[in-house]
Amino acid sequence: MKKYLNTLFITTQGSYLSKEGETIVVSVDKEVRLQVPIHTLGSVVCFGQVTMSPFLMGFCAENNVAISFLTEHGRFLASVHGKISGNVLLRREQYRRADNLECSASVAQSIVIGKLLNCRAVIQRALRDHSEKINISSLEKSSEKLSNTIRQLQNDHSLDTVRGLEGESASEYFSVFDNLIVKQKESFFFTGRSRRPPLDNVNCLLSFIYTLLLHDVRSALECVGLDSCVGFLHRDRPGRPGLALDLMEEFRPFIADRLTLSLINR
């Protein structure tokens, strides 16, 4: 169990979380291992066989501390949140704009531009840091293609066009991702993005970190009163947090992908 910034990660199997005063107590085999004041936390993430008292769940809900339950290997299972905060007028405006395809296209363009700028930054950093170990020509071509797409997105496009450009750029970015891995190639190789299930170690690591990122983004949206399920780039689908996935796009390369590469290459 570890506390990073304002998130408490519980990975010790058999842990039991309970409330004591204004603190969260983590016990293993009835022995207290950790006690954390509630005001220092923004969220709690539990992996595997971790249980929690109903009183603590209610206490976390009252203090806007989001709780997520994942399998031991990081697959998302469920989350616990308190009452919806924020102004209902804010959510009604969100729904109106999401129903307007022109407005959705405008928001989606900004999201995709931010994502592609960060994808390009990941590639440029690899060219700067590992020029002697990577295929420079291939990465420079991909960087240029991403730059061209970013320029295209400066003009108005339909939502379907924006989504198409985002898909093409994601394919281009991941087509050179293996070049960014410069160590431990026998265990960490990348032949393409795969999900549900991820088919290699790199995809497992990416999916795991994306799950943690989604937890934080979803919690942040709900804390300000936005509906995390109604997105602009990601359209409505039952059970899918569209807006959280939208906001994740810009952070995926810079936070999750860079972290994945650092963990492997260092």
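Quick note: structure is the one above.
Cut-offs and rules
Residues numbered from 1 in each chain as written. Predicted model: local features only at pLDDT ≥ 70, side-chain atom pairs only at ≥ 80, totals over all residues. Heavy atoms only, no water. Pairing = 2+ DSSP bridges. Helix = DSSP H or I, 4+ residues; strand = E, 2+ residues; numbered from the N terminus. Contact = heavy atoms within 4.5 Å. Core = buried A, V, L, I, M, F, W, Y, C linked by side-chain atoms within 4.5 Å. Buried < 20%, exposed > 50% of the residue type's maximum accessible area, 1.4 Å probe, protein only. Lys, Arg positive; Asp, Glu negative; His and termini not counted. Salt bridge = Lys/Arg side-chain N within 4 Å of Asp/Glu carboxyl O. Polar contact = N/O pair within 3.5 Å; in protein donor to acceptor, adjacent residues only side chain to side chain. Patch = residues over 30% accessible without salt bridge, like charges linked within 9 Å, V, L, I, M, F, W, Y side chains within 5 Å. Areas by Shrake-Rupley, 256 points an atom, 1.4 Å probe, with all protein chains shown as cover. Charge placed at Lys NZ, Arg CZ, Asp CG, Glu CD.

Caption draft 1: How the structure looks around the sheet that holds strand β4 (residues 23–28). With mixed pairing, the 4 strands of this open sheet are ordered in space as β5-β4-β3-β7. Looking at the sheet topology across the chains shown, the edges are occupied by β5 (31–37) and β7 (51–52). Sheet topology note: the strand β3 (residues 15–20)/β4 ladder contains 6 bridges and is antiparallel. In the strand pairing of β4, S18 is matched with V25.

Caption draft 2: Representation of the environment of P198. In this structure, P198 sits in the loop between α5 (159–175) and α6 (201–223). Each residue touching P198, except ones within four places of it in the same chain, is listed here: N203, C204 and S207.

Caption draft 3: Broad picture of the nonpolar core. Counting residues in each nonpolar core, the largest one holds 48 residues, and the members touching the most others are F177 and V202. Top element by residues in this core is helix α3 (residues 101–129). It accounts for 11 residues. With residues near it in sequence (within four places) discarded, F177 still touches F190, V202, L206, D257 and L261. Listed in part, the 18 residues of the second largest apolar core include I10, V44, C46 and V50.

Caption draft 4: Focus on the side chain of R193. Within the element layout of this structure, R193 appears in the loop between α5 and α6. Buried within the structure, R193 lacks any salt-bridge partner; its nearest side chain of opposite charge belongs to D200, at an N-O separation of 7.0 Å. Polar side-chain contacts of R193 include one of 3.1 Å to the side chain of S207. Apart from the residues lying within four places of it in its own chain, the contact partners of R193 are F174, N203, L206, S207 and Y210.

Caption draft 5: Representation of a positive patch on the surface within the structure. There is a patch of like positive charges on the surface, built from R163, R195, R196 and R237. You can see R163 is positioned in helix α5.

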